[in-house]
Amino acid sequence: MARTREFDTEAAVSRAMELFWSRGYEATSVRDLTQHLGIGQGSLYAAFGDKDGLYRAALTHYRTTLAAAALRSLEEGADARSAIRTMLVERIRIAVADQGRGCLAVNAACERLPEDQATRRTVRDMQDASREALTEVLRVAVERGDIAARHDPHTLAAFFVTFLNGLLVSSKITPDARALEPLVEVALATLD
């Protein structure tokens, strides 16, 4: 008779996300995961298949929680400039926390690509969603005359996603928001 799973898989994924985020994929063993989650190895394999399955679940959880919150903050901004500034500064503050753990998605790309195609797809989907949300904010800003019509919203959005990726990598090297936040104003100058 099969035993029913005796743990909350959503909570386990959230806790695994934190562990992968602070340590990285390679430095996190199955033993680390089972100890951190308080579950047996058999339960981990039954619920997620293997370490890769749990890692993919953790990346998906990151996408639907923190990454989604960043996109919502863009939609709630009063104008493009302040919405983008708020989003970038908030991402810096999250990335420098815990001694500069960076961004789980950017960390995943740096650690797991090009070999891990599932991670590539997940990170690319997050980046595409960010670019699309930024494009819409910038398109509306051009229509309102908030930024010059000479700017292509799609190209600007791609620039901001690329800029943010660089900031998030830099946050691991220099986990100091005061050193990184002034760079946001330089990037926003592209809207002039």
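Along each chain, residues carry numbers from 1 onward, in the same order as the chain's sequence is written. Only residues with pLDDT of at least 70 are given local features in this predicted model, and only at 80 or more are side-chain atom pairs given and counted; all residues enter the totals for whole chains, interfaces and linings. The basis for every side-chain value is the complete set of heavy atoms in the structure, and neither hydrogens nor water enter the calculation.

J.: I would appreciate a short explanation of the packing of aromatic side chains in the present structure.
T.: Between two aromatic rings, the relevant description is the distance of the centres plus the angle of the planes. A pair of Phe, Tyr and Trp rings is counted when the ring centres sit within 6.5 Å of each other, with Trp represented by its six-membered ring. The angle between the planes then sorts it: under 30 degrees is stacked, over 60 is edge-to-face, the rest tilted. On inspection of all chains with the given rule, the structure shows six aromatic pairs. With a centroid separation of 5.2 Å and an interplanar angle of 85°, the aromatic rings of W21 and Y62 are classed as edge-to-face. In this pair, W21 sits in helix α1 (residues 9-23) while Y62 sits in helix α4 (residues 51-76), placing the two residues 41 residues apart along the sequence. Accessibility classification places W21 together with Y62 in one group, the buried group. Pairing Y25 with Y55 gives two aromatic rings, centres 4.8 Å apart and planes at 70°, and the pair type is edge-to-face. Residue Y25 is located in the loop between α1 and α2 (30-37), and its partner Y55 is located in helix α4; the two are separated by 30 residues in the primary sequence. A helix here means a DSSP run of H or I that spans at least four residues, while a strand means a run of E at least two residues long, and both kinds are numbered starting from the N terminus. Accessible area is worked out with a 1.4 Å probe on protein chains only. A residue is then buried under 20% of its type maximum, exposed over 50%, and partly exposed in between.

J.: Can you walk me through the nonpolar core in this structure?
T.: Note that soluble globular proteins tend to have their nonpolar side chains buried in a common cluster. F20, L54, L74 and F160 are the most contacted members of the largest nonpolar core, which has 60 residues in total. When residues in this core are grouped by element, the largest group, 10 residues, is from helix α5 (residues 80-100). If we ignore the near neighbours within four places in the chain, the residues touching L74 are A83, I84, M87, A133, L134 and V137. Take the buried Ala, Val, Leu, Ile, Met, Phe, Trp, Tyr and Cys residues and link them wherever side-chain atoms come within 4.5 Å; each set so joined is a nonpolar core. Contact definition: two residues touch when any of their heavy atoms are within 4.5 Å.

J.: How should I be thinking about the packing of helix α3 (residues 41-48) against α4 in this particular structure?
T.: Any two packed helices are characterised by how steeply their axes cross, that is the angle between the axes, and by the distance between the axes. Orientation of α3 relative to α4, taken along the N-to-C sense of each, is 60°, at an axis distance of 8 Å. Relative to α4, the element α3 lies oblique. In the packing of α3 onto α4, the handedness of the crossing is left-handed. Contact residues: L44, Y45 and F48 in α3; K51, G53, L54 and A57 in α4. Note that Gly is not counted as nonpolar here; it falls among the polar residues with everything else outside the nonpolar set of Ala, Val, Leu, Ile, Met, Phe, Trp, Tyr, Cys and Pro and the charged set of Asp, Glu, Lys and Arg. Here the contact of α3 with α4 is built from residues that sort into five nonpolar, one polar and one charged. Structural elements are reduced to axes, namely lines fitted to C-alpha atoms, with helices fitted over the stretch in contact, and the angle between N-to-C directions of any two is expressed from 0 to 180 degrees. Oblique is the label for every angle not falling under 35 degrees (roughly parallel), over 145 degrees (roughly antiparallel), or within 65 to 115 degrees (roughly perpendicular). Left-handed describes a crossing whose near helix is turned anticlockwise from the far helix by less than a right angle; the clockwise case is right-handed.

J.: Looking at this structure, how should I read the side chain of K51?
T.: As for its position among the elements, K51 is in helix α4. Think of it this way: Lys and Arg go in the positive column, Asp and Glu in the negative one, and His and the chain ends go nowhere. Any carboxyl oxygen of Asp or Glu within 4 Å of a side-chain nitrogen of Lys or Arg constitutes a salt bridge here. Buried and unpaired, K51 has no salt bridge, with E26 as the nearest side chain of opposite charge at 5.2 Å. Among the polar contacts listed, one links the side chain of K51 to the backbone oxygen of Y25, at a separation of 2.9 Å. Excluding residues that lie within four positions of it along the chain, K51 makes contacts with F20, Y25, E26, T28, S29, V30, L33, L44 and Y45. The term polar contact refers here to a pair of N or O atoms within 3.5 Å; inside protein, the definition further demands a hydrogen-donor-capable atom paired with an acceptor-capable atom, and it admits residues adjacent in sequence only when both atoms are side-chain atoms.

J.: Would you take a moment to explain the pattern of salt bridges for this structure?
T.: Scanning all chains against the criterion turns up 15 salt bridges. Note that R23 and D32 form a salt bridge whose closest N and O atoms lie 2.9 Å from each other. Owing to a relative accessible area of 44%, R23 belongs among the partly exposed residues under this scheme. A network of salt bridges, in which partner residues are shared, links E26, D52, R112 and D116.

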